[in-house]
Protein chains: 2
Amino acid sequence: MHPALQTYLAGKITLSDEQASIVSRCFKTKCTKRNEILVTKGSVARYVYFVVQGCLRVFLTDDQGNESTRFLILEGRFGTAFPSFILRKPSIASLQSPEPSQLLMISYEDRQTLYERIPGWETMDRIGIELDYIESIQRIESFISLDARARYDTLQQTNPEIIHRLPAKIIADYLGISQETLSRLKSKK
Amino acid sequence: MHPALQTYLAGKITLSDEQASIVSRCFKTKCTKRNEILVTKGSVARYVYFVVQGCLRVFLTDDQGNESTRFLILEGRFGTAFPSFILRKPSIASLQSPEPSQLLMISYEDRQTLYERIPGWETMDRIGIELDYIESIQRIESFISLDARARYDTLQQTNPEIIHRLPAKIIADYLGISQETLSRLKSKK
């Protein structure tokens, strides 16, 4: 099994050798180029991705082609264009790797296989989804109730490195602020 | 078992008489007055609520005491101050019934009991949480990419009745628009 996945699973679930080999078979490795698109707007997201290295970006595109970043999925986390993956419907959002990235991917069908064949996998996944849901609630809270400074500080505390790794446009846009405001906030640090 | 809960479970899970009585024992009925507070900011949310009649409102309060509505939980749906309930930490948001409401409530411990004792309950719950998560993602999308008109139309399509049942302030604030904009949008219908 990929060591990064092993690290993720450690403490969450204990697998027999046979179970570990089932898990290994369900996850395929994928390496992406900078800005490679994994899910195009209008297509169905068929995989959940685990980020070994790099990061993923879920973004929306308006009729004028302007992009806005909905989520960033960082190293050691699972993510995809979730509504499309779960509902098996064309995605409103696109999924891209803004950096060259190393990923593990699991299909909808293999995800079901793990639920059926690995006791405790669904519990682990349910808890993971609860935490992702909580993150999205906190993101809604930040839109409703935090100003630019507070949103920037939150990202600084949770994922400081990403602010320097990704283009300012993506970070500004993820925070729902202008690039001018972002560089002002950065310089104040 | 409460008929509203029976309706919710129908088609999702089949229960033996013994399992049905375990479920019944885990859900307590609660009737609330208009504007009754179920979770105060700073306290821990100990229950998930199922709305039989009425609705629930999750809202944030700033330092000046201004409220902003994060979620509305309507009839036939489960909800609570979710981050507080799952993480068992003091809640940032408050939970209130803006209308006199009839609820079923289940504690964190009883929720675990159902996972352990009712095969299929966790799967049903995992799917429910996935759908709630998808709704919150769509809410984030609406903040990022929809204008006032589009947000209003979405609510019109999904929950038309709520627009007339709840005070304009709550609806405006849920949509992230001013009450003036809301009444203009209403009059245009």
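Before reading on, note that the structure itself is shown above.
Below: a short report on this structure. (Residues numbered from 1 in each chain as written. Chains lettered and ligands numbered in written order. Predicted model: local features only at pLDDT ≥ 70, side-chain atom pairs only at ≥ 80, totals over all residues. Heavy atoms only, no water.)

## Remarks on the pairing of strand S7 (residues 94-97) of chain A
Residues and elements named next belong to chain A.
Link 1 in the chain: Both faces of S7 are covered, namely the face carrying Ser 94 and Gln 96 and the face carrying Leu 95 and Ser 97.
Link 2 in the chain: In terms of strand pairing, strand S2 (residues 36-39) meets S7 through three bridges, oriented antiparallel. The residue bridging Val 39 from the neighbouring strand is Leu 95, located in S7.
Link 3 in the chain: As defined by bridge partners, strand S4 (residues 56-61) adjoins S7 across three bridges and the pair is classed as antiparallel. Within S7, the residue paired with Val 58 across the bridge is Leu 95. (Buried < 20%, exposed > 50% of the residue type's maximum accessible area, 1.4 Å probe, protein only. Helix = DSSP H or I, 4+ residues; strand = E, 2+ residues; numbered from the N terminus. Pairing = 2+ DSSP bridges.)

## Looking at the sheet that holds strand S5 (residues 67-73) of chain A
All names here are of chain A.
Link 1 in the chain: Read from one edge to the other, the open sheet built from four strands follows the order S2-S7-S4-S5, with strand pairing classed as antiparallel. In this open sheet, the two edge strands, each paired with only one partner strand, are S2 and S5. Averaged over all adjacent pairs, the angle separating strand axes in this sheet is 35 degrees, with direction ignored.
Link 2 in the chain: Across the face of the sheet, helix H8 (residues 168-175) comes into contact with S4 and S5 while running at roughly 90 degrees to S5. (Axes fitted to C-alpha atoms, helices over the stretch in contact; angles between N-to-C directions. Contact = heavy atoms within 4.5 Å.)

## Concerning the interface of chain A and chain B
Link 1 in the chain: The partner chain B presents 29 residues to the 29 residues of chain A that form the contact.
Link 2 in the chain: Carbon and sulfur atoms supply 74% of the area that chain A and chain B bury against each other, a total of about 3000 Å² over both sides.
Link 3 in the chain: Area buried by chain A at its contact with chain B is led by Arg126(A), Tyr133(A) and Ile140(A), which between them contribute 22% of it.
Link 4 in the chain: At the boundary of chain A and chain B, one finds five salt bridges.
Link 5 in the chain: Here Arg126(B) makes a salt bridge to Glu122(A), at a shortest N to O gap of 2.7 Å.
Link 6 in the chain: Inspection of the chain A/chain B interface yields eight residue pairs in polar contact (both at pLDDT 80 or more). (Buried area = accessible area lost by both parts, 1.4 Å probe. Salt bridge = Lys/Arg side-chain N within 4 Å of Asp/Glu carboxyl O. Polar contact = N/O pair within 3.5 Å; in protein donor to acceptor, adjacent residues only side chain to side chain.)

## A short note on the side chain of Thr32(A)
Link 1 in the chain: Mapping Thr32(A) onto the fold places it in strand S1 (residues 28-32).
Link 2 in the chain: Here Ser97(A) takes part through its side chain, which lies 2.8 Å from a polar atom of the side chain of Thr32(A).

## Things to note about the nonpolar core
Link 1 in the chain: One finds Phe27(A), Leu114(A), Trp121(A), Phe27(B), Leu114(B) and Trp121(B) to be the most contacted residues of the largest nonpolar core, which totals 88 residues.
Link 2 in the chain: If we ignore the near neighbours within four places in the chain, the residues touching Trp121(A) are Leu9(A), Ile13(A), Val23(A), Phe27(A), Leu114(A) and Tyr115(A). (Core = buried A, V, L, I, M, F, W, Y, C linked by side-chain atoms within 4.5 Å.)

## Some details on a nonpolar patch on the surface
Link 1 in the chain: There is a patch of nonpolar side chains on the surface, built from Leu87(A), Ile127(B) and Leu131(B) and spanning about 220 Å² of accessible area.
Link 2 in the chain: Structurally, Leu131(B) is set in helix H5 (residues 121-145).
Link 3 in the chain: Taking relative accessible area as the criterion, Leu131(B) reaches 39% and is therefore assigned partly exposed. (Patch = residues over 30% accessible without salt bridge, like charges linked within 9 Å, V, L, I, M, F, W, Y side chains within 5 Å. Areas by Shrake-Rupley, 256 points an atom, 1.4 Å probe, with all protein chains shown as cover.)

## Notes on the pattern of salt bridges
Link 1 in the chain: On inspection of all chains with the given rule, the structure shows 27 salt bridges over all chains.
Link 2 in the chain: Salt-bridge contacts for Arg57(A) lead to Glu67(A); the nearest nitrogen and oxygen are separated by 3.0 Å. You can see Arg57(A) sitting in strand S4 and its partner Glu67(A) sitting in strand S5, a full ten residues away along the chain.
Link 3 in the chain: Exposure remark for Arg57(A): the relative accessible area of 2% places this residue in the buried category.
Link 4 in the chain: One salt-bridge network, in which partners are shared between bridges, spans Arg111(A), Glu122(A), Asp125(A), Arg126(B) and Glu130(B).

## Some points on the sheet that holds strand S6 (residues 78-79) of chain B
Residue and element names in this part refer to chain B.
Link 1 in the chain: The sheet built from four strands is open, its strands ordered S1-S8-S3-S6 with antiparallel pairing. Looking along the sheet, the strands with just one partner apiece sit at the ends: strand S1 (28-32) and S6.
Link 2 in the chain: Here six bridges tie strand S3 (residues 47-53) to strand S8 (residues 101-107), and the two strands are oriented antiparallel to one another. Its bridge partner being in S8, Tyr 49 is matched across the sheet by Met 105.
Link 3 in the chain: Lying on the sheet, helix H4 (residues 108-117) is in contact with S1 and S8; it crosses S8 at an angle near 70 degrees.

## Focus: the relation of the copies chain A and chain B
Link 1 in the chain: Note on the copies: chain A fits chain B at an RMSD of 0.0 Å, the axial shift is 0.0 Å, and the rotation between them is 180 degrees. These values place the two chain copies in the arrangement generated by a two-fold rotation axis.
Link 2 in the chain: The share of interface residues of chain A whose copies in chain B are also at the interface is 100%, consistent with both copies meeting through the same surface. (Least-squares fit on C-alpha atoms with pLDDT ≥ 70 in both.)

## A short note on the packing of helix H6 (residues 148-158) of chain A against H8(A)
All names here are of chain A.
Link 1 in the chain: Contact geometry for H6 and H8: axes closest at 10 Å, N-to-C directions at 115 degrees. Crossing of H6 against H8: the hand is right-handed. Each of Arg 151, Tyr 152 and Leu 155 in H6 lies in contact with H8, whose residues at this interface are Ile 171, Tyr 174 and Leu 175.
Link 2 in the chain: For the contact of H6 with H8, a count of residues per class yields five nonpolar, no polar and one charged. (Left-handed = near helix turned anticlockwise from the far one by under 90°. Nonpolar A, V, L, I, M, F, W, Y, C, P; charged D, E, K, R; others polar.)

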